[in-house]
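# What the coordinates show
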Amino acid sequence: MGSIQHIAVITGASSGIGAEFARQLAARGCYVLLCGRNEERLRALRKEIGADKCDYFTADISDTRSCIDLYAAVREYHPDILINNAGFGVYGDFTESSLTKELSMIDVNIKAMHLLFKLFLKDFEKQGRGYILNTGSIAGFLPGPHMSSYYSSKAYVVRQTVAVHTELAMRKSPVHVSVLCPGPVTTDFNRNAGISSIFKGISPEECVSYTLRQMKRAPLFIIPTLYCKAIAAGSHLAPQRLSSFAAYLMQKGKKRIADDA
Ligand SMILES: NC(=O)c1ccc[n+]([C@@H]2O[C@H](COP(=O)([O-])OP(=O)(O)OC[C@H]3O[C@@H](n4cnc5c(N)ncnc54)[C@H](OP(=O)(O)O)[C@@H]3O)[C@@H](O)[C@H]2O)c1
């Protein structure tokens, strides 16, 4: 992206990976539109980045109407980058995890991601340029016992991005799409999912600086660590039941820190 000015919409910008995208994109000369629910955090991030380099919007995108209103508000800025990143996880066996939380997660991780992907892609094609980065996860390559709905939601993000990437390539679209598939990253993600993990994640800074370097060549998949690249490659070779058992062993190492029911 070099020194050219861009305008980036970032969902899930109030925390973790999204907040770091905001910092690093702004440092590279982008104007950033920060989206999330937590106004206090968004306001603090705007102050940190500089009010001349960003604006913020509060919306609960699990609500379709609010998500469409958010889209209508931020498109006024004529963005050319979408970091479609908001998301969260729900932990627990399928028969025990909270249905309400899972449906809300599907609304954010799938429905809102889908809606913003589609509407901005149409805008970007009309304007003849743009880049959409959907935040998936390495979980998108595996069945995920103990966190099955989260893993499935990320499989949707991966499959949707891959298929649209092909459509764009076939019609030689000027718009790029990539899917970011990290393994563990040290953010509020686990705490919000009500779990603690023994797996040490990479920092959001590492995740985002790697991703922005990769975005210069617009690959379909952006997978920040070597072992996640190996999981992604292995997932295509291993039988589904073996992948599922491997994910089961990984998830079993996590401890519930909050009542999810
Ligand atoms: N951390 C990891 O290990 C990891 C690994 C792979 C993929 N990911 C993915 O990375 C993305 C970012 O997660 P993170 O790790 O940075 O976690 P995080 O620190 O918990 O951030 C999640 C972000 O999503 C936003 N969000 C959640 N529900 C929302 C809603 N209903 N409406 C609007 N915004 C909502 C939150 O904003 P508000 O609370 O302000 O609404 C927050 O900014 C997610 O899609 C996650 O699935 C994370």
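Scope of this entry: the structure provided in the associated data block. In this numbering scheme, every chain counts its residues from 1 along its sequence in written order. Residues qualify for local features only when their pLDDT is at least 70, as the model is predicted, and side-chain atom pairs are given and counted only at 80 or more; totals for whole chains, interfaces and linings, by contrast, use all residues. Only heavy atoms go into the side-chain values, all of them from the structure, while hydrogens and water stay out.

With that settled, consider the site of the ligand. Here a residue is considered near a molecule or strand provided that any single heavy atom belonging to it is located within 4 Å of it. For the ligand, the set of nearby residues contains 31 residues, the closest of which are S14, S15, R37, Y150 and T187. Here an oxygen atom of the ligand sits 2.5 Å away from a polar atom, N or O, in the side chain of R37. Using the Shrake-Rupley algorithm and a 1.4 Å probe, accessible areas are obtained, with residue cover drawn only from the displayed protein chains. Taking 880 Å² as the accessible area of the ligand by itself, protein coverage stands at 93%. Runs of H or I in DSSP of at least four residues are treated as helices and runs of E of at least two as strands, each being numbered from the N terminus. Counting only elements with at least two residues in the shell around the ligand, the list comes to α1 (16-27), α5 (148-170) and α6 (189-193). Charged means Asp, Glu, Lys or Arg here, nonpolar means Ala, Val, Leu, Ile, Met, Phe, Trp, Tyr, Cys or Pro, and polar covers whatever is left, Gly included. Class assignment for the residues of the shell around the ligand results in 12 nonpolar, 15 polar and four charged. Side-chain atoms alone can form a polar contact between residues adjacent in sequence; in general such a contact is a pair of N or O atoms within 3.5 Å, and within protein one must be able to donate a hydrogen while the other accepts it.

The subject of this paragraph is the packing of α1 against helix α7 (residues 204-215). Direction vectors running N to C along α1 and α7 enclose 55°, while the axes themselves pass 9 Å from each other. The orientation of α1 relative to α7 falls into the category oblique. Here the hand of the crossing between α1 and α7 comes out right-handed. Along its contact with α1, which presents G16, I17, E20, F21, Q24 and L25, the element α7 presents P204, E205, V208, S209, T211 and L212. Class assignment of the residues belonging to the contact of α1 with α7 gives a composition of six nonpolar, four polar and two charged. Orientation is described by axes fitted as lines to C-alpha atoms, over the contacting stretch for helices, and by angles from 0 to 180 degrees between their N-to-C directions. An angle counts as roughly parallel when it lies under 35 degrees, as roughly antiparallel when it exceeds 145, as roughly perpendicular when it falls between 65 and 115, and as oblique in every other case. By convention the crossing between two helices is left-handed if the near helix lies anticlockwise of the far one by an angle smaller than a right angle, and right-handed if it lies clockwise. Contacts: residue pairs with any heavy atoms within 4.5 Å of one another.

Here the focus is the pairing of strand β4 (residues 81-84). Only protein chains enter the accessibility calculation, which uses a 1.4 Å probe; a residue whose area is less than 20% of its type maximum is buried, one above 50% is exposed, and one in between is partly exposed. The side-chain alternation of β4 yields two buried faces, one formed by I81 and I83 and the other by L82 and N84. Strands are labelled as partners when DSSP assigns at least two bridges between them. Sheet topology note: the β4/strand β5 (residues 130-135) ladder contains four bridges and is parallel. Within β5, the position partnered with I81 by the bridge is Y131. Note that the unit made of β4, helix α4 (residues 99-127) and β5 has a crossover that is right-handed. When the strands point away from the viewer and the connection leading from the first strand across the helix to the second strand turns clockwise, the crossover is called right-handed.

Among the nonpolar cores identified, the biggest contains 46 residues, and I61, V74, F120 and I132 are the most heavily contacted of them. Setting aside anything within four residues of it in sequence, one finds V74 in contact with V9, L33, C35, F57, P79 and F120. The criterion is simple. A nonpolar core is a set of buried Ala, Val, Leu, Ile, Met, Phe, Trp, Tyr and Cys residues joined through side-chain atoms within 4.5 Å. Grouped together as the second largest cluster of nonpolar side chains are 31 residues, L25, L34, L42 and C54 included.

To estimate how far a helix should extend, the number of its residues minus one is multiplied by 1.5 Å. Counted at 1.5 Å a residue, the expected span for α1 with its 12 residues is 16 Å, and the 17 Å between its end C-alpha atoms agrees. Among the 12 residues that make up α1, nine are buried, leaving the element largely enclosed by the rest of the structure. Taken together, the buried positions of α1 are I17, G18, A19, E20, F21, A22, Q24, L25 and A26. Once α1 finishes, G29 follows within two positions and takes phi at roughly 95°, a positive value.

With that settled, the discussion passes to the pattern of salt bridges. Basic side-chain nitrogens of Lys or Arg form a salt bridge, by our definition, when they fall within 4 Å of a carboxyl oxygen of Asp or Glu. Scanning the model with the defined rule gives 11 salt bridges in all. Taking the shortest distance from any N to any O, the salt bridge between R23 and E20 comes out at 3.1 Å. Placement of both R23 and E20 in helix α1 is noted, with a separation of three residues, approximately one turn of the helix. We classify R23 as partly exposed; its relative accessible area is 30%. D123 is the salt-bridge partner of R75, the closest N and O atoms lying 3.1 Å from each other. Of this pair, R75 sits in helix α3 (residues 64-75) while D123 sits in helix α4, placing them 48 residues apart in sequence.

So, on to the sheet that holds β5. Here we have seven strands laid out as an open sheet, ordered β3-β2-β1-β4-β5-β6-β8, and parallel in their pairing. With one partner strand each, in any of the chains shown, β3 (54-58) and β8 (221-222) form the two edges of the open sheet. Where strand β1 (residues 7-11) lies against β4, three bridges are found, and the strand directions are parallel. Paired with A8 across the bridge in β4 is I81.

With that settled, the discussion passes to the environment of K118. Structurally, K118 is set in helix α4. Residue K118 is classed as partly exposed on the basis of its relative accessible area, which comes to 48%. Sequence separation between K118 and V164 is 46 residues, and the spatial gap between their C-alpha atoms is 9.6 Å.

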